[in-house]
Amino acid sequence: MPTYARLPVSFVRGEGVYLFDSDGRRYLDAIAGIGVNALGHAHPALVAAVQEQAARLIHTSNLYRIAEQEALAASLCTVSGMQSCFFGNSGAEANEAAIKLARLYGHQRGVDKPTIIVMERSFHGRTLATLSATGNRKIQAGFEPLVSGFVRAPLNDIQAVRQIAANNPDVVAVLLEPIQGEGGLRPADEAYLQALRALCDSQQWLLMLDEVQTGNGRTGSYFAYQQLGFTPDVVTTAKGLGNGLPIGACLARGEAAHLFSAGHHGSTYGGNPLVCAAANTVVNTIVKEGLAQQAAQRGEQLRAALARELADDNRVVDIRGRGLMVGVELDRDCGALVALALEQGLLVNVTAGNVLRLLPPLIISEAEVDALAAAIGALLRAYH
């Protein structure tokens, strides 16, 4: 089905931060499978883990204990401060699990129509529930009726959330991204997030963070909230967790950690031995090699280099981000940059129409960061 506006290139091999097409041409991969290839391409530890596990056991189903899944859950709970974990196959499935947790939490508290506060310009997935939670009418159009049970507020407006609290007794949770990826690399303010945490505590709501894109070292700590002085009740992640293998995780602590019981939720493939062996290698590599801290350093280097490269370009409104999640906002739509970059051997992405989104692998070197910034400078100089 023609659901993707695919670019005219087919990649046959990857190595580190580079991809190679069927003609042998090399491309600097600054989007990493939309933030997926945290360890880059063909990372030797990951290749070995996948090969060894595939030769041993790929799938058994969740009817049985899965040692690799239990090991991954323990690793994720250790790095996150959470207590329990549900595995699905994607970020959307992780967010579906979070939504179900919030609804179950509400019903157990006697709320007949549990409602979740979500943010304008957010993105949580393309299943019907996550699409309904998303704050983007463009991708919702044509798929009505949307799922009920969501109320929207502007990002970084705590008064709007307090007003909802005063007028809607059915609210049971707040769900938001620490940095809106599809929404244009828009960060939630630290003071706003801390105020949300306090409000959720006073209202007995769950604070749920969608870290599908910001997690797994991307923003300079294993999860973005670990830089922000508070802990959520539920956090979801995917993308960089599997480095290309399909896996999503919904982690919870406190009361939320014990809501699900047998039969409440499930997945045929979720958390199978192969994907969990891969993901556990990713988690351990990020931790052991200090890749989250390295992402913070490389991200600072990239933003500074971009600021120098683009200093004379009056179309640039802002250069922002955290770690290796960087956005260059222009004063006009710039979707055409994607195809132009491809011609120049560079893979980038445009989000929200006018924000050049950069999500390079966490393993990117200092020299490769400089090369990326220079390539972005050349790209914008060629763009009219």
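Above this text is the structure in question.
Residues numbered from 1 in each chain as written. Predicted model: local features only at pLDDT ≥ 70, side-chain atom pairs only at ≥ 80, totals over all residues. Heavy atoms only, no water.

**Thoughts on the environment of Lys288**
Then comes step 1: If you trace the backbone, Lys288 turns up in helix α9 (residues 273-288).
Then comes step 2: With 250 residues separating them in the primary sequence, Lys288 and Ala38 have C-alpha atoms 14 Å apart. (Helix = DSSP H or I, 4+ residues; strand = E, 2+ residues; numbered from the N terminus.)

**Some points on the side chain of Asn95**
Then comes step 1: Topologically, Asn95 is positioned in helix α4 (residues 91-108).
Then comes step 2: Judged by relative accessible area, Asn95 falls into the buried class, the value being 1%.
Then comes step 3: Every residue in contact with Asn95, bar those within four places of it in the chain, is listed here: His124, Thr130, Asp210, Val212 and Thr236. (Buried < 20%, exposed > 50% of the residue type's maximum accessible area, 1.4 Å probe, protein only. Contact = heavy atoms within 4.5 Å.)

**Quick look at the packing of aromatic side chains**
Then comes step 1: Per the counting criterion, the structure on display carries 3 aromatic pairs.
Then comes step 2: Plain terms: the ring middles of Phe11 and Tyr27 are 5.3 Å apart, the flat faces sit at 80° to each other, and that makes the pair edge-to-face. Of the two residues, Phe11 sits in strand β1 (residues 11-15) while Tyr27 sits in strand β3 (residues 26-29), which places them 16 residues apart along the sequence.
Then comes step 3: In this structure Phe11 comes out as partly exposed when scored by relative accessible area, which is 32%.
Then comes step 4: For Tyr27, a relative accessible area of 4% gives the class buried.
Then comes step 5: Residues Phe223 and Tyr225 carry aromatic rings whose centres are separated by 5.7 Å and whose planes lie at 10° to one another, so their mutual orientation is stacked. Taken as a pair, Phe223 and Tyr225 share a single burial class, namely buried.
Then comes step 6: Taken together through their ring pairs, the aromatic side chains of Tyr222, Phe223 and Tyr225 make up a single cluster.
Then comes step 7: The ring of Phe20 has Arg13 lying over it, and the distance from NZ or CZ to the ring centre is 4.0 Å.
Then comes step 8: Sitting over the ring of Tyr18, Arg26 keeps its end group 3.8 Å from the ring centre. (Phe/Tyr/Trp six-rings, centres within 6.5 Å; stacked < 30°, edge-to-face > 60°. Lys NZ or Arg CZ within 6 Å of the ring centre and 35° of its normal.)

In short, shape yes, function no, at least from these values alone.
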